[in-house]
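# Understanding the architecture of this molecule
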Amino acid sequence: MTNPHMADKIRTGNGFIAALDQSGGSTPKSLRLYGVKDSDYNTDAEMFDLIHCMRARIVSSPAFTGERVIGAILFEMTMEREIGGKPSAKALWEDNGVVPFLKIDKGLEDVADGAQVLKPMPVLEELLKRAVANGVFGTKARSVISAANVDGIRAVVQQQFKVGNQVLAAGLVPIIEPEVTIDIADKAEAEQILLNEITIALDTVPEGQQIMLKLTLPEVANTYAALNDHPKVMKVVALSGGYDRAEATKRLSQNKGMIASFSRALTEGLSHKQSDNEFNATLDGTIAQIHEASIAG
């Protein structure tokens, strides 16, 4: 059973979802943007210690509360660690009023038909059990679409909903994320195909249950607006996808019902060299901007 208080927060909360789920592949870039050079660490363990310090500093900031941030997506290692002396997911909900989600995918297969599906997740059931035990509300898995190819997009969507139904069966709410690459020439066409495939796939969700969708900010504003009112969709959230914060928030404000789930756009401008006052002020300004765009529609 999903936590009804968390579900209500996601459905009616006046805010956005923070993506704090950088994985092994994206962590070095995230640290560089945070002012940490590759030469500042020697092992993966040291790298993950540093990224956890960054995440913990964000979560522990007085700017990071459930008034504007309604959810946060965690990396598996973050879930297994502590923030402020508590397990991370528990700290998010009890101390911040922020609903915890968990990134569950293990990366992407090679491109086929203009898309990348999820790699196999042979220990998914065990991971979902640990997520439930840690007080996590939902999950997130990311695929990538790089062309307006019906076969590739259909493969992505069908796999995502198959995994999503497995997540639902474990008592968690899946965020289904079929990311459309922002710089492809046929992005608008790909998004229309994606909308059609998602609409069909929603029929596979069991009656009385809901999923969430995390979608690239579309070329044509309100492409996904109809999904906001679908009875099997709890919330539609947007990924920044490489747009800088100014462009991402501009696009977001034009899309009715979508809220942010930003990663790079959230941490833009933060540095480990900043004093606590400087860090908190920068984060507060960022959260205010993303929050305003999220509620604009």
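Structure's up top.
Attention here is on the structure that accompanies the text. (Residues numbered from 1 in each chain as written. Predicted model: local features only at pLDDT ≥ 70, side-chain atom pairs only at ≥ 80, totals over all residues. Heavy atoms only, no water.)

### Description of the overall build of the chain
We count it as follows: Elements are defined by DSSP. Helices are runs of H or I of four residues or more, strands are runs of E of two residues or more, and each kind is numbered from the N terminus. The size measure is the radius of gyration over C-alpha atoms, and the globule rule it meets is 2.2 Å times the number of residues to the 0.38 power. The buried label goes to any residue with under 20% of its type's maximum accessible area, the exposed label to any with over 50%, and the partly exposed label to all in between, with areas taken from a 1.4 Å probe on protein chains only. What makes two residues a contact is simply this: any of their non-hydrogen atoms within 4.5 Å.
Helices and strands together make up the secondary structure of the chain, namely 11 helices and 11 strands. Against the compact-globule benchmark of 19 Å for 297 residues, the chain has a radius of gyration of 18 Å, which places it among compact chains. The C-alpha extent of the chain, read off along each of the three principal axes, is 50 × 40 × 40 Å. Scored against the burial criterion, the 297 residues of the chain give a buried share of 54%. A separation threshold of at least 6 residues defines the contact pool for the chain, and within that pool the share at least 24 residues apart is 73%.

### A few points about the pairing of strand 2 (residues 69-74)
What counts here: Two strands are counted as paired when DSSP detects at least two bridges linking them.
When you tally the buried positions in strand 2, you get 6 out of 6 residues, the bulk of the element. One ladder, built from 5 bridges, connects strand 1 (residues 16-20) with strand 2; its direction is parallel. Within strand 2, the residue paired with phenylalanine 16 across the bridge is valine 69.

### Concerning empty space enclosed by the protein
Just so we agree on the cut-off: Grid points spaced at 1 Å and placed over the protein atoms alone form the basis of the search, with a cavity being a set where a 1.4 Å probe fits but cannot get out and a pocket an open set showing protein on both sides within 12 Å along at least five of seven lines. Lining residues have an atom within 4 Å of a point. Grid points are joined across faces, edges and corners, and a volume is the space filled by probe spheres set on the points. Amino acids outside the nonpolar list (Ala, Val, Leu, Ile, Met, Phe, Trp, Tyr, Cys, Pro) and the charged list (Asp, Glu, Lys, Arg) are all regarded as polar, and Gly is one of them.
Following the criterion strictly, the structure yields 3 cavities of 30 Å³ or more and no others. If you add up the space inside the largest cavity, you get close to 50 Å³. Lining the largest cavity, in full, are Gln22, Ser30, Leu33, Tyr34, Ser263, Arg264 and Thr267. Contributing elements (two or more residues each) for the lining of the largest cavity: helix 2 (27-33) and helix 10 (264-267). Classifying every residue of the lining of the largest cavity gives 2 nonpolar, 4 polar and 1 charged. In this structure, the second largest cavity spans a volume of roughly 40 Å³. Contributing to the lining of the second largest cavity are Ile104, Thr139, Lys140, Ala141, Gln160, Val163, Gly164, Val167, Pro174, Ile175 and Ile176. Those elements that place two or more of their residues in the lining of the second largest cavity are strand 7 (138-145), helix 7 (150-169) and strand 8 (173-180).

### Remarks on the layout of surface pockets
If you add up the space inside the largest pocket, you get close to 640 Å³. In terms of residues, the lining of the largest pocket owes the most to one element, helix 2, which gives 3 residues. In the lining of the largest pocket, the residues fall into 6 nonpolar, 10 polar and 12 charged. In this model, the second largest pocket occupies a volume close to 290 Å³. Taken together, 18 residues make up the lining of the second largest pocket; nearest its centre are Asn228, Lys235, Gly257, Met258 and Ile259. Among the secondary structure elements, those contributing two or more residues to the lining of the second largest pocket are strand 10 (233-239) and helix 11 (276-296). Broken down by element, the residue count for the lining of the second largest pocket peaks at 4 residues, all from strand 10. A class-by-class count of the residues in the lining of the second largest pocket yields 7 nonpolar, 7 polar and 4 charged.

### Remarks on the packing of helix 7 against helix 8 (residues 187-201)
Condition: Orientation is described by axes fitted as lines to C-alpha atoms, over the contacting stretch for helices, and by angles from 0 to 180 degrees between their N-to-C directions. A clockwise turn of the near helix away from the far one marks a right-handed crossing, whereas an anticlockwise turn of less than a right angle marks a left-handed crossing.
Running from N to C, helix 7 and helix 8 cross one another at 40 degrees; their axes reach a closest spacing of 9 Å. The chirality of how helix 7 crosses helix 8 is right-handed. Contacts between helix 7 and helix 8 involve Val150, Ile153, Arg154, Val157 and Phe161 from the first element and Ala190, Ile193, Leu194, Glu197, Ile198 and Ala201 from the second. Split into classes, the residues belonging to the contact of helix 7 with helix 8 amount to 9 nonpolar, no polar and 2 charged.

### Structural notes on the packing of aromatic side chains
The line we're drawing: Only centres within 6.5 Å qualify two rings of Phe, Tyr or Trp (six-membered ring in Trp) as a pair; their planes then separate them into stacked at under 30 degrees, edge-to-face at over 60, and tilted for everything else. The rule is short: NZ of Lys or CZ of Arg within 6 Å of the ring centre and within 35 degrees of the ring normal puts a charge over the ring.
Tallying each qualifying case throughout the model produces 2 aromatic pairs. Their ring planes at 90 degrees and their centres at 5.6 Å tell us that phenylalanine 101 and phenylalanine 137 sit as a pair that is edge-to-face. On the criterion of sequence distance, the pair formed by phenylalanine 101 in strand 5 (residues 99-103) and phenylalanine 137 in the loop between helix 6 (124-133) and strand 7 is long-range, its members being 36 residues apart. One Lys or Arg, arginine 57, reaches over the ring of phenylalanine 279 and ends 4.1 Å from the middle of that ring.

### Structural notes on the nonpolar core
The line we're drawing: In this description, a nonpolar core means a group of buried Ala, Val, Leu, Ile, Met, Phe, Trp, Tyr and Cys residues linked to one another through side-chain atoms lying within 4.5 Å.
Grouped together as the largest cluster of nonpolar side chains are 81 residues, with contacts concentrated most on Phe64 and Phe161. Every residue in contact with phenylalanine 64, bar those within four places of it in the chain, is listed here: Ala18, Leu20, Ile58, Val59, Val69, Ala72, Leu92, Asn96, Val98 and Ile287. Ile70, Ile73, Phe137 and Met234 belong to the second-largest nonpolar core, a separate cluster that totals 16 residues.

### Re the side chain of glutamate 179
The cut-off we apply is this: Polar contacts, as counted here, are pairs of nitrogen or oxygen atoms within 3.5 Å of one another; within protein the pair requires one atom able to donate a hydrogen and one able to accept it, and residues that are adjacent in sequence qualify only if both atoms are side-chain atoms.
Following the sequence through the fold, glutamate 179 ends up in strand 8. The class of glutamate 179 is buried, set by a relative accessible area of 9%. Of the polar contacts made by the side chain of glutamate 179, one reaches the side chain of arginine 142; its length is 2.6 Å. Residues in contact with glutamate 179, not counting those within four places in the same chain, are Arg142, Ser143, Val144, Ile145, Thr216, Leu239 and Gly241.

### Re the environment of methionine 47
Mapped onto the elements of the fold, methionine 47 is located in helix 3 (residues 44-60). Judged by relative accessible area, which is 3%, methionine 47 ranks as buried. For the pair methionine 47 and arginine 130, spaced 83 residues apart in the sequence, the C-alpha separation amounts to 24 Å.

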